[in-house]
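Notes for the structure review
This is what each chain is made of:
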Amino acid sequence: MSNYKQESADGYIRLSSRNQEDGMSRKTQEKECRKYCEKNGITLRNIYYENKSAIEPYKRPVLNAIITRQKTSDKADIIVTYSLNRLTRNHPDFYFFRELVDKHDTKIVFVKENIIIQKPFKSYEKYLTNILISNAEFEVEYMNEIRKIGLIERAKTGKRPSKLPYGYDLYKKRIVIIPKEAEFVKKAFELYATGKYSLKTLTNKLVDIGLKYKSQPDGKIPRASLANMLKNEFYTGWYTYPGVEEPIKGKYKAIIDKDLFTRVQNILKISAYEKIR
């Protein structure tokens, strides 16, 4: 156990989803960090909050700023956080904390686990900490796998569990067509299928005939958005989903038929070939 002699601390609080509000809310984390510091006579200088996932390394600006500050004269004696998995869920990120302990005399406190990491950071402590990080990493990856299985099963029911394309919306848990948007989509496919338009000229043509793209203030659909729209099989009443080998028949009305979609795909392929030839 460390002896604290009028030492200062910076607190770090992290959430990555609303689900964590149960039992690990921002309020709970801050309360426990403050309680620990008060009990041990530590001056808590700052509490830093971040709403970011910790599974991928180097992706948390607030935490990165804390690490950088700890290498300057403005450093705190201690970094205190509610739990190890609030600080990191991957080994690359934890390397920087090992460096802070070994080279910059920083103490790190995990309140929930009642663990203090300090110099000298002994080999068995590093070993045990690595196990805890591996457990935290496993926990997230396992839950992601379970979630992925659930999404695949939902996709197979004909209700694609992802953002709906332009022309559709959800109403009482059913996928419904938005008439004005569907008119835009259908006309875009029909005009492009004639072979008379490039993506650039088609964006202008749609505006000229009074069909405006709702997502843009000027009503003109960006070429990239138009290209994605014309490649989207969802409009035929069928769709594909990662992890499912065969196309899935959707439980919603199609905006275009498969024949029109196929003709458009053939023209898009020819256009792409001509660009790289």
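Below is a short write-up of the structure. (Residues numbered from 1 in each chain as written. Predicted model: local features only at pLDDT ≥ 70, side-chain atom pairs only at ≥ 80, totals over all residues. Heavy atoms only, no water.)

1. What to know about the overall build of the protein
Counting its regular elements, the protein contains nine helices and nine strands. A globule of 277 residues ought to have a C-alpha radius of gyration of about 19 Å, yet the protein, at 27 Å, is considerably larger. In terms of principal-axis extent, the alpha carbons of the protein reach across some 80 × 40 × 40 Å. Here the protein holds 277 residues, and the buried ones make up 40% of them. Put simply, of all contacts in the protein between residues at least 6 apart along the chain, 66% involve residues at least 24 apart. When the accessible surface of the protein is split by element, carbon and sulfur atoms take 51% of a total near 16,700 Å². For the protein, the distance from the average site of its 54 positive side-chain charges to the average site of its 34 negative ones is 5 Å. (Helix = DSSP H or I, 4+ residues; strand = E, 2+ residues; numbered from the N terminus. Rg over C-alpha atoms; globule rule 2.2 N^0.38 Å. Buried < 20%, exposed > 50% of the residue type's maximum accessible area, 1.4 Å probe, protein only. Contact = heavy atoms within 4.5 Å. Areas by Shrake-Rupley, 256 points an atom, 1.4 Å probe, with all protein chains shown as cover. Lys, Arg positive; Asp, Glu negative; His and termini not counted. Charge placed at Lys NZ, Arg CZ, Asp CG, Glu CD.)

2. Focus: the pattern of salt bridges
Think of it this way: side chains of opposite charge can pair up when their charged atoms draw near. Using the criterion set out here, one finds 13 salt bridges in the structure. The salt bridge involving Lys 126 is made with Asp 102; its shortest N-O contact spans 3.7 Å. Of the two residues, Lys 126 is situated in helix 5 (residues 123-156) and Asp 102 in helix 4 (residues 91-104); the sequence distance between them amounts to 24 residues. Across the salt bridge formed by Lys 119 and Asp 105, the nearest N and O atoms sit 3.7 Å from each other. With Lys 119 in the loop between strand 5 (115-117) and helix 5 and Asp 105 in the loop between helix 4 and strand 4 (107-110), this pair connects stretches of sequence that are 14 residues apart. (Salt bridge = Lys/Arg side-chain N within 4 Å of Asp/Glu carboxyl O.)

3. Here we look at the environment of Lys 214
Take Lys 214: it is sitting in the loop between helix 7 (199-208) and helix 8 (223-230). Note: C-alpha distance between Lys 214 and Tyr 166 (48 residues apart in sequence) is 9.1 Å. Contact partners of Lys 214, with chain neighbours within four places excluded, come to Tyr 166 and Glu 181. Among the polar contacts listed, one links the side chain of Lys 214 to the side chain of Glu 181, at a separation of 2.8 Å. (Polar contact = N/O pair within 3.5 Å; in protein donor to acceptor, adjacent residues only side chain to side chain.)

4. Considerations on the pairing of strand 3 (residues 78-81)
Alternating residues of strand 3 divide into Ile 78 and Val 80 and Ile 79 and Thr 81, and every residue in both groups is buried. Both strand 1 (residues 8-15) and strand 3 contribute to a ladder of four bridges, which runs parallel. Along strand 3, the bridge assignment pairs Gly 11 with Val 80. The pairing of strand 3 with strand 4 spans four bridges and is parallel. In the strand pairing of strand 4, Val 80 is matched with Val 109. (Pairing = 2+ DSSP bridges.)

5. So, a positive patch on the surface
On the surface, Arg 154, Lys 159, Lys 173, Arg 174, Lys 251 and Lys 253 cluster together into a positively charged patch. Within the secondary structure, Lys 159 sits in the loop between helix 5 and strand 6 (168-171). The class for Lys 159 is partly exposed, based on a relative accessible area of 36%. (Patch = residues over 30% accessible without salt bridge, like charges linked within 9 Å, V, L, I, M, F, W, Y side chains within 5 Å.)

6. Some thoughts on the sheet that holds strand 3
Spatial ordering of the open sheet is given by 2-1-3-4-5, a layout of five strands whose pairing is mixed. Each edge of the sheet is formed by a strand with only one pairing partner; in this case those strands are strand 2 (43-51) and strand 5. Recorded for the sheet is a direction-independent mean angle of 20 degrees between the axes of neighbouring strands. Here helix 2 (residues 61-69) sits on the sheet in contact with strand 1, strand 2 and strand 3, set at roughly 145 degrees to strand 2. (Axes fitted to C-alpha atoms, helices over the stretch in contact; angles between N-to-C directions.)

7. As for the nonpolar core
Counting residues in hydrophobic clusters, the biggest one holds 37 residues, and the most contacted among them are Phe 189, Met 229, Leu 230 and Tyr 235. Among the secondary structure elements, those contributing two or more residues to this core are helix 5, helix 6 (179-193), helix 7, helix 8, strand 8 (238-241), strand 9 (244-249) and helix 9 (258-276). Looking at this core element by element, the count peaks at eight residues for helix 6. Look past the residues within four positions of Phe 189 in its chain and what remains in contact with it is Met 229, Leu 230, Asn 232, Tyr 235, Ile 256, Leu 260, Phe 261 and Val 264. Counting 17 residues, the second largest nonpolar core, distinct from the first, contains Ile 79, Phe 94, Ile 108 and Phe 121. (Core = buried A, V, L, I, M, F, W, Y, C linked by side-chain atoms within 4.5 Å.)

8. Focus: helix 6
For helix 6, which comprises 15 residues, the first-to-last C-alpha distance of 21 Å matches the rise-based estimate of 21 Å (1.5 Å per residue) to within 8%. For helix 6, the full list of buried residues reads Glu 181, Ala 182, Phe 184, Val 185, Ala 188, Phe 189, Leu 191, Tyr 192 and Ala 193. Downstream of helix 6 by one or two residues, Gly 195 has phi in the positive range, about 80 degrees. (Expected span 1.5 Å × (residues − 1).)

9. A few points about the pairing of strand 1
Counted residue by residue, strand 1 has eight buried out of eight residues, so it is predominantly covered. Side-chain alternation along strand 1 places Ser 8, Asp 10, Tyr 12 and Arg 14 on one buried face and Ala 9, Gly 11, Ile 13 and Leu 15 on a second face that is also buried. The sheet contact formed by strand 1 and strand 2 spans eight bridges and is parallel. Residue pairing in the sheet places Ala 9 in a bridge with Leu 44 of strand 2.

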